[in-house]
Structures are given as structure tokens and as C-alpha cells.
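Per-entry structural report
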Amino acid sequence: MLDRYFWHLNGPQADGMACVVCGANFLTSKITSVPVGRSPADESQVFACKEPCAGRIADETERMARDMRALADGGGPESTDGEHAAECDDPVFCVDGHFGSLLRDLRALAGAEALLTTSDEIATIRFLLALTARHAETAMMRARLVLARTKENGEE
Ligand SMILES: [Zn+2]
């Protein structure tokens, strides 16, 4: 399983003595526990009930990964550039193509902003920041390309 961080843990949870989801105490109850991640405070392993809490964490992680993949696919520079390169001989002059890609970058940035306000895991935040950096960079390049092209049009 992904080595994710769990925040807002109480003492027993951070010490690995209690489930990070439901708070069940593993010392006083006969629950099978499985390691599910780490405490950000000291990197120690934390645990959850094998059933159903670990399953819930896995589902949640899967859903989050799916959301982020969808977000990344929405404006990936590789996919969109390839797409437009096939349609245009000179991609610099494909203003519509770059403008459309720019809008996708901006939507990805807005999505990253929304997810950043609700995420409290280091792994997720790092992923979102990498996504932000990538889309901010391509958005800058595309905005400049569109700017350069519209200036040329104005001068003609
Ligand atoms: Zn539990």
C-alpha cells in the first residue's frame, strides 16, 4: 500500500495502538490490524483495523488517485501537443490549439487549488504542487505564444 501520512492523530493512534480510522484500541480489543501509513510527526507506522477500516482507506486512496489522474489528463502538455502537432505544420501558429490547451491548464490549476484546500497528506500535496508547477509552466508558455501571435496579427 501507498506510504501515506495520517494527520490529526490522537496519542494511541500515533503510537500505533489504535485504528487511525475508527479509533478502536488494538490492545483492548481482538482486532486484526494492518499498517496503513505513517505519522507525520515522527514517521512511525500507524495501523487500521484490517476490516473494514483498511479497506476504506484503500478505497479513498484509489478515488483520490483517480481524481488526480483525471485532472492530470485534462491538460497534459504531452497529449495535447501531440494532438495539435498532427493538425498543424507549425504548432506556434495554431492559436486555437494553444488557446484551448491554455484553458485546460487553467482548469487544471483551478482543480489543483480546490484539491489543495482539502488535502492534508504530504504525498497528495506534493503531487498537487508538482501538477501546479507543470501546468503553471505550460500555461505561461502557451499564454506567451498566444500573445506573440495576436501581436503579429495586430501588426499585419
Ligand atoms: Zn478501525
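Residues numbered from 1 in each chain as written. Predicted model: local features only at pLDDT ≥ 70, side-chain atom pairs only at ≥ 80, totals over all residues. Heavy atoms only, no water.

This paragraph deals with the sheet that holds strand E2 (residues 33–38). Read from one edge of the open sheet, 3 strands run E1-E2-E3, paired in mixed fashion. Strands at the two margins of the open sheet, each flanked by one partner only, are strand E1 (4–5) and strand E3 (45–49). (Pairing = 2+ DSSP bridges. Helix = DSSP H or I, 4+ residues; strand = E, 2+ residues; numbered from the N terminus.)

Right, let's talk about the coordination of the zinc ion for a bit. Six octahedrally arranged donors around a metal ideally form angles of 90 or 180 degrees; four tetrahedrally arranged donors ideally form angles of 109.5 degrees. Distances from the zinc ion to its protein donors, Cys19 (SG), Cys22 (SG), Cys49 (SG) and Cys53 (SG), fall at 2.3 Å. One can describe the site at the zinc ion as tetrahedral: its 4 donor atoms subtend angles covering 105 to 118° at the metal. Along the chain, the residues donating to the zinc ion fall in the pattern C-x2-C-x26-C-x3-C. Of the two residues, Cys19 sits in the loop between helix H1 (11–14) and E2 while Cys49 sits in strand E3, which places them 30 residues apart along the sequence. (Donors = N, O, S within 2.8 Å, 3.2 Å for Na, K, Ca; no water. Tetrahedral: all angles 85-135°; square planar, octahedral: opposite > 155°, others 65-115°.)

Take the environment of Val146 next. Residue placement: Val146 occurs in helix H5 (residues 122–155). Owing to a relative accessible area of 12%, Val146 belongs among the buried residues under this scheme. Each C-alpha atom of the pair Val146 and Gly97 lies 9.6 Å from the other, and the pair is 49 residues apart in sequence. (Buried < 20%, exposed > 50% of the residue type's maximum accessible area, 1.4 Å probe, protein only.)

Let's shift gears to the nonpolar core. Core analysis: the biggest nonpolar cluster contains 12 residues, these being Phe6, Cys19, Val20, Ala24, Phe26, Val36, Val46, Ala48, Cys49, Cys53, Ala54 and Ile57. Of all the secondary structure elements, the ones that give two or more residues to this core are E3 and helix H2 (53–74). Setting aside chain neighbours within four positions, we find Cys49 in contact with Cys19, Cys22, Ala24, Phe26, Ile31, Thr32, Ser33 and Ala54. (Core = buried A, V, L, I, M, F, W, Y, C linked by side-chain atoms within 4.5 Å. Contact = heavy atoms within 4.5 Å.)

Now for the side chain of Thr124. Tracing the chain through its elements places Thr124 in helix H5. Beyond its immediate sequence surroundings of up to four residues, Thr124 is in contact with Met64, Met68 and Ser119.

What follows concerns the pattern of salt bridges. A complete count under the given rule lists 1 salt bridge for this structure. One salt bridge connects Asp105 with Arg142, and the closest N-O pair in it is separated by 2.7 Å. One end of the pair, Asp105, is in helix H4 (residues 95–118); the other, Arg142, is in helix H5, with 37 residues separating them in the sequence. The exposure classification of Asp105 matches that of Arg142, with both residues buried. (Salt bridge = Lys/Arg side-chain N within 4 Å of Asp/Glu carboxyl O.)

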